[in-house]
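# Structural overview for review
Now for the letters of each chain:
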Amino acid sequence: MDFGEDIFEPLLNIEATTYEEAYKEGYADGFVSGKEEGRLVGLKIGFEMGQELGFYSGCIDIWTSTTRVDPNYFSSRVQKTIKRMDDLLKKYPISDPENESVSEIIESLRLKFRAICASLNVKLDYNGYPMASGTEKIEF
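To keep things clear, this report deals only with the structure shown in the data block. What you are looking at is a predicted structure, and each value in this text was computed from that prediction instead of being measured.

What follows is about the layout of surface pockets. Here the largest pocket is characterised by a volume of approximately 240 Å³. What lines the largest pocket is Ile-45, Gly-46, Met-49, Gly-50, Leu-53, Leu-89, Tyr-92, Pro-93, Ile-94, Asp-96, Pro-97 and Val-102. Ranked by the residues each element gives to the lining of the largest pocket, the list is headed by helix H2 (residues 14-69), at five residues. Looking at the lining of the largest pocket residue by residue, the class counts come to nine nonpolar, two polar and one charged. Volume-wise, the second largest pocket comes out at about 160 Å³. Elements supplying a minimum of two residues to the lining of the second largest pocket: H2, helix H4 (101-120) and strand E1 (124-126). At five residues, the largest contribution of residues to the lining of the second largest pocket is made by H4. Looking at the lining of the second largest pocket residue by residue, the class counts come to seven nonpolar, one polar and four charged.

Conventions and cut-offs
Residues numbered from 1 in each chain as written. Predicted model: local features only at pLDDT ≥ 70, side-chain atom pairs only at ≥ 80, totals over all residues. Heavy atoms only, no water. 1 Å grid on protein atoms, 1.4 Å probe; cavity = no way out; pocket = protein on both sides within 12 Å on 5 of 7 lines; lining within 4 Å. Points joined across faces, edges and corners; volume = space filled by probe spheres on them. Helix = DSSP H or I, 4+ residues; strand = E, 2+ residues; numbered from the N terminus. Nonpolar A, V, L, I, M, F, W, Y, C, P; charged D, E, K, R; others polar.

This is the structure we're talking about:
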């Protein structure tokens, strides 16, 4: 019998051993669920951003079509702002969402949209979906 080894040593370290094993299991489970949750949040945010960009694109198409029909319908200042907004929309890095210019571009688009609406005396908001100001929210 070897008296150098304590038979109760594993019992004395059971708390530390259990803690380490539980930590490793929890970390692995958290990594998997965090990755899935991150994917879902990214999908949701990407969809919302696509909706907003599509809304602005539709507005630009309508305004550009109106200008083609009657070139003097909008002032030259509004026409330049529409053109700048169209250029920003084309410059938006859709396939590279981690690009640092994304937030700058979307903020510029929002500002230009508000400027155009103010110039045209149109009260149109975009809060997840287009809605004219002063109207009640429609809930489903």
